[in-house]
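# A structural walkthrough
Given next are the chains, with one letter for each unit.
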Amino acid sequence: MAKEAGVPILPLALREYLPPSLWEQLQTEPGRRGLLLDALNILQSLLYLLSTYLPPPLVERLKRDPVPGRVTAEVLEGSLLFADVSGFTALSERLAGEGNAGIEALTGHLNDYFDTMVQILARSDGALLKFAGDALLAYFPSQDAGRHAQWAARAAHRMMRAMHAFAALEAPGGPIALRMKIGLASGLFIAATVGAPARMEYVLLGETVARTLALEGTLSAGQIGVDAATAALLDPAQVLPHVNAFSLLAPASAEDRADFEIRPETQRRPRSSGLLMAPHEELYVHLEVALRQLETLRAFLPDSLNAALLAYASQRQLPAENRPAASIFFNLTGIESLWDPAEPATVSRTLAALDACFRAVESCVARYGGIISRIDPYRTGSKIFALFGAPTAHEDDPLRAVRAALEAQAALADLRARWDWDVALRAGIAYGPTFAGPVGAAIRREYTLMGDDVNLAARLMGAAQPGQILVAPAVAASVQTIVALKPLAPLQLKGKREPVPVSAVEGLRRDPLLHRLALRGPLVGRNEPLARARRVVV
């Protein structure tokens, strides 16, 4: 830290995180212990708040070695647990018409559910890596004698038993039941940090990840499935036949209903009393470290979300709301095939491709005012969820989303040509009312969108061909004067009773003004002004 007249100069970046009055006092009295302790306490509180939006293993690594913008990949081993729950979309639709009371009720149900599951995972030594809407992906690190698989299985049983509390949630029109299914897979996978100092993302990929999701797709509500690698680490009496190489977990035994294996500390530690008497130089060092950690962690959240978190830091919770928003789901495929677990050298090649593709897509989304909410594993490749309209709204969010998707396709085509990577991108876009806000528990949460149109965007992505962008009717109606669209045969999509009209994006129109004029009907009540205009022109 630089010094002036023997007194360290506080970094200018610190100003963004402190109340103006405290910053001004520090400029005039930079050596005052009470002010330094107040500043350090604020940074530590903000650091904790941001850390609740990120996976614990990532937070621990970044805080231990805070370097903004560092692109890394590590190969992890253990068991993955993917839990998917149904019922929240129907619940959000039922409560959407209840105004603020509906928002509060939905937020309460969401947080009760996630708090229950996050606490079970934390107390079972599982780390929640990803929220995926109303789904969860957790990691149980490898242990001797395959104990990680046993712990993952016990956590799955506990989560399933806890669902009894959510079997009849009150809603207009009658109670709604939440129902869960869980898949467990074991093996190696890559955990990577990609991006630039201004925007980073945590990405998981590998055959183990894909197998976890594929397994969950074979299950019915109330079932827990395991892959062959996990089954081999469990007692044979614990598994039952299922389909392909997958098995089902047998009902929980008395041992599975035993107390939790571990009870880690989940509350923040109070400020160390040792700092109260620490030398000024030590306080400055603590401030500098906390600032560097904060700058490193915040890169993993969008700027608009960081700004909102800072604005509501004193409440420690962002408000939830119902708002219209455009949702894009991208499916990025091809990168997963670059990694061969038997060849360590392929990790760096996979990381380079993943980093380049993320930067390309993120820059296109950011250019049009959107944010990348998260990157989730998908059955094949990765699923990128981008938002336009939350937390910052624009009057033309559907058009912004389509433009971003077109540019992302072009950027991926350029990377494919330059690097000879067999990567592909497809997308689905929908627009409509959503629930927008933070969901989760006090120790782990995420800002997300929920609603029927969010699900519709995901379904359209799944139906699109590589290189194709499919849009829902509301998006097509909003952008048709500027974007060239090709109507397709209606699609029968999961969760929809009737086939959904769908259009494929073909590009931007060359002369959108003429097309807008052509779509307009005749002017009414303007005969006299038109006649005068014709006389002037003639």
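Remember, it's a predicted structure, so these values are computed and weren't measured experimentally.

Each value, and the rule that gives it
Residues numbered from 1 in each chain as written. Predicted model: local features only at pLDDT ≥ 70, side-chain atom pairs only at ≥ 80, totals over all residues. Heavy atoms only, no water. Helix = DSSP H or I, 4+ residues; strand = E, 2+ residues; numbered from the N terminus. Buried < 20%, exposed > 50% of the residue type's maximum accessible area, 1.4 Å probe, protein only. Contact = heavy atoms within 4.5 Å. Areas by Shrake-Rupley, 256 points an atom, 1.4 Å probe, with all protein chains shown as cover. Lys, Arg positive; Asp, Glu negative; His and termini not counted. Charge placed at Lys NZ, Arg CZ, Asp CG, Glu CD. Axes fitted to C-alpha atoms, helices over the stretch in contact; angles between N-to-C directions. Parallel < 35°, antiparallel > 145°, perpendicular 65-115°, else oblique. Left-handed = near helix turned anticlockwise from the far one by under 90°. Nonpolar A, V, L, I, M, F, W, Y, C, P; charged D, E, K, R; others polar. Polar contact = N/O pair within 3.5 Å; in protein donor to acceptor, adjacent residues only side chain to side chain. Pairing = 2+ DSSP bridges. Core = buried A, V, L, I, M, F, W, Y, C linked by side-chain atoms within 4.5 Å.

### With respect to the overall build of the protein chain
Across its full length, the protein chain holds 16 helices and 18 strands. Each of the three principal axes of the protein chain carries a C-alpha extent, and together these read 90 × 75 × 55 Å. Within the span of the protein chain, comprising 538 residues, buried residues form 51% of the whole. Within the protein chain, contacts between residues at least 6 apart in sequence are counted, and of these 72% link residues at least 24 apart. For the protein chain, the exposed surface amounts to about 24,400 Å²; the carbon and sulfur share of it is 53%. Taking the 54 positively charged and 55 negatively charged side chains of the protein chain as two groups, their mean positions are separated by 5 Å.

### Describing the packing of helix α4 (residues 88-95) against helix α5 (residues 99-123)
Across the interface, α4 lies against α5 with an axial gap of 9 Å and an inter-helix angle of 160°. The orientation of α4 with respect to α5, classified from their angle, is roughly antiparallel. Crossing hand, α4 versus α5: right-handed. Where α4 approaches α5, its residues Phe 88, Leu 91, Ser 92 and Leu 95 are matched on the opposing element by Gly 99, Gly 102, Ala 105, Leu 106, His 109, Leu 110 and Tyr 113. Here the contact of α4 with α5 is built from residues that sort into seven nonpolar, four polar and no charged.

### Looking at the side chain of Glu 201
As for its position among the elements, Glu 201 is in strand β7 (residues 199-205). By relative accessible area, Glu 201 is classed as buried at 6%. Only 3.3 Å separates the side chain of Glu 201 from the side chain of Arg 199, close enough to count as a polar contact. Beyond its immediate stretch of four places on either side in the chain, Glu 201 contacts Lys 130, Ala 192, Thr 193, Val 194, Phe 300, Phe 358, Ile 372, Arg 374 and Ile 375.

### Some points on the pairing of strand β11 (residues 321-333)
For β11, the buried fraction is high: 10 of the 13 residues fall into the buried class. Looking at chain direction, β11 and strand β14 (residues 424-441) are connected through 13 bridges and run antiparallel. Considered in β14, the bridge of Ala 326 is made with Tyr 431. Sheet topology places β11 next to strand β13 (residues 382-388); seven bridges connect them, and they run antiparallel. Directly across from Ala 326, in β13, lies its bridge partner Phe 388.

### Some words on the nonpolar core
Among the nonpolar cores identified, the biggest contains 76 residues, and Leu 26, Leu 43, Phe 189, Leu 204, Leu 309, Tyr 447 and Leu 449 are the most heavily contacted of them. Here this core gets 10 residues from one element, more than from any other, and that element is helix α2 (residues 33-51).

### Topic: unusual backbone geometry
Residue Ala 390 is joined to Pro 391 through a cis peptide bond whose omega torsion reads 0°. Structurally, Pro 391 can be placed in the loop between β13 and α12 (397-419). The backbone of Ala 145 sits at a positive phi, close to 60°, despite the residue not being glycine. Summarising the element assignment, Ala 145 is placed in the loop between β5 (135-141) and α6 (147-162). Of note in this structure, Asp 420 is not a glycine but carries a positive phi near 60°.

### Describing the packing of helix α11 (residues 346-367) against α12
One way to put it is that α11 packs onto α12 with a least axis distance of 8 Å and a crossing angle of 155°. Comparing their axes, α12 and α11 come out roughly antiparallel. The way α11 lies across α12 gives a crossing that is right-handed. Listed contacts from α12 to Ala 356, Cys 357, Ala 360, Val 361, Cys 364, Val 365 and Arg 367 of α11 are Ala 404, Glu 407, Ala 408, Ala 411, Leu 412 and Leu 415. For the contact of α11 with α12, the residue count by class is 11 nonpolar, no polar and two charged.

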